[in-house]
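Each chain, written out:
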Amino acid sequence: MPAIPLPDDLTIGTVLKIDAQAFELAEIEPYTRKDGQASAILHWRSNCPTCGVEFTHSTGRTSAQFNRRCEEHRKAAKPVTGKRGRKCKLSLATA
Ligand SMILES: [Zn+2]
């Protein structure tokens, strides 16, 4: 799926929903980019829609590409719902 643009004011506990699947922002890890700019890595927590196991997924600060499934199931290469390339419904709820 395409990268999702993220707002600037994300806080821990923010929940990003992709269709029915919730990703909770569990940790914001600050880091300094090679050019000296401060940035962060976001750690999101979700449950695999195939087996239900909890997994964490890290993304960049400003846009995010999400794995919808756990390590074991992400190679399935099948969309979680609907057809490949279909637009997912996104919603963001700040804590
Ligand atoms: Zn799984």
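Model, not experiment: these values are computed from the prediction.

Student: Any chance you could explain the sheet that holds strand β3 (residues 21–32) here in plain terms?
Tutor: Hydrogen bonds between backbone atoms are what pair the strands of a sheet, whose relative direction is either parallel or antiparallel. The strand order β5-β4-β3-β2-β7 describes an open sheet built from five strands, whose pairing is antiparallel. Each of the sheet's edge strands pairs with one partner strand only, and the pair in question is β5 (54–59) and β7 (90–93). Between one strand axis and the next, the sheet turns by 30° as a mean value, whatever way the strands run.

Student: Hey, could you run me through the coordination of the zinc ion in this one?
Tutor: Around a metal, the perfect tetrahedron of four donors has angles of 109.5 degrees, and the perfect octahedron of six donors has angles of 90 or 180 degrees. Distances from the zinc ion to its protein donors, C48 (SG), C51 (SG), C70 (SG) and H73 (ND1), fall within 1.9 to 2.3 Å. Given four donor atoms and angles of 98 to 121° at the metal, the environment of the zinc ion is assigned as tetrahedral. Donor residues for the zinc ion sit on one chain with the sequence pattern C-x2-C-x18-C-x2-H.

About the criteria used
- Residues numbered from 1 in each chain as written.
- Predicted model: local features only at pLDDT ≥ 70, side-chain atom pairs only at ≥ 80, totals over all residues.
- Heavy atoms only, no water.
- Pairing = 2+ DSSP bridges.
- Helix = DSSP H or I, 4+ residues; strand = E, 2+ residues; numbered from the N terminus.
- Axes fitted to C-alpha atoms, helices over the stretch in contact; angles between N-to-C directions.
- Donors = N, O, S within 2.8 Å, 3.2 Å for Na, K, Ca; no water.
- Tetrahedral: all angles 85-135°; square planar, octahedral: opposite > 155°, others 65-115°.

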